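This is what each chain is made of:
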Amino acid sequence: MGLKKYSIDLKKEGLSQGSINQMREVLGTMSVSGMYFDEKFLMKMIKIYKGELTTEDVRTEILRNYNS
């Protein structure tokens, strides 16, 4: 499973090449560690890199979903 599985053009999402490279590194590290991602997770990462969400926003959402 990798970015190619999803039909998301990271450049069209407005990400810089540096952000795209960083994102690929994070996702690659996750995959090597057996932590695979889905399209919903990928879209959240894009929002973080675009500055629309913070990692704290995502953490709070996860805690809210699992504690309810």
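What follows covers the layout of surface pockets. In this approach a probe as big as a water molecule rolls over the atoms, and the regions it shows empty are the leftover space. Computed from the structure, the largest pocket encloses a volume of approximately 210 Å³. The wall of the largest pocket is formed by Asp 38, Lys 40, Phe 41, Lys 44, Val 58, Glu 61, Ile 62, Asn 65 and Tyr 66. Secondary structure elements with two or more residues in the lining of the largest pocket: helix H2 (39-50) and helix H3 (55-66). Here the element with the most residues in the lining of the largest pocket is H3; it accounts for five residues. Residue lining of the second largest pocket: Val 26, Phe 41, Lys 44, Met 45, Ile 48, Tyr 49, Thr 55, Val 58 and Ile 62, and that is the complete set.

With that out of the way, let us pick up the nonpolar core. Of all hydrophobic cores here, the largest spans 12 residues; its members are Tyr 6, Ile 8, Leu 10, Leu 15, Ile 20, Met 23, Leu 27, Met 30, Phe 37, Leu 42, Met 45 and Ile 46. Counting residues per element, the ones that place at least two in this core are helix H1 (17-32) and H2.

For Ile 46, the location among the structural elements is in helix H2. Separated by 29 residues in sequence, Ile 46 and Gln 17 place their C-alpha atoms 13 Å apart. Once residues within four sequence positions are removed from consideration, Ile 46 is found in contact with Ile 8, Leu 10, Glu 13, Leu 15 and Met 23.

Per the stated rule, a full pass over the model turns up four salt bridges. Salt-bridge contacts for Lys 44 lead to Glu 61; the nearest nitrogen and oxygen are separated by 2.9 Å. One end of the pair, Lys 44, is in helix H2; the other, Glu 61, is in helix H3, with 17 residues separating them in the sequence. A salt bridge links Glu 52 to Lys 50; the nearest nitrogen and oxygen atoms lie 3.6 Å apart. Accessibility expressed as a relative area gives 48% for Glu 52, which makes it partly exposed. In the salt-bridge network here, residues are joined through shared partners; they are Glu 13, Lys 50 and Glu 52.

What counts as what
Numbering of residues starts from 1 in each chain and follows the order in which that chain's sequence is written. In keeping with the model being predicted, local features are shown solely for residues with a pLDDT of at least 70 and side-chain atom pairs are shown and tallied solely at 80 or more, while totals for entire chains, interfaces and linings include all residues. The side-chain quantities take in all heavy atoms of the structure and omit both hydrogens and water. Put plainly, a pocket is an open set of points on a 1 Å grid over the protein atoms alone with protein on both sides within 12 Å along at least five of seven lines, a cavity is a set where a 1.4 Å probe fits but cannot get out, and a lining residue has an atom within 4 Å of a point. Grid points are joined across faces, edges and corners, and a volume is the space filled by probe spheres set on the points. Numbering of helices and strands runs from the N terminus, with a helix taken as a DSSP run of H or I at least four residues long and a strand as a DSSP run of E at least two residues long. Joining through side-chain atoms within 4.5 Å is the link that ties buried Ala, Val, Leu, Ile, Met, Phe, Trp, Tyr and Cys residues into a set, and such a set is a nonpolar core. Buried means the residue's accessible area, taken with a 1.4 Å probe over protein chains only, is under 20% of the maximum for its type, while exposed means over 50%, and partly exposed covers the values in between. Here, two residues are considered to be in contact whenever any of their heavy atoms come within 4.5 Å of each other. Salt bridges are defined as contacts in which a side-chain nitrogen from Lys or Arg sits within 4 Å of a carboxyl oxygen from Asp or Glu.

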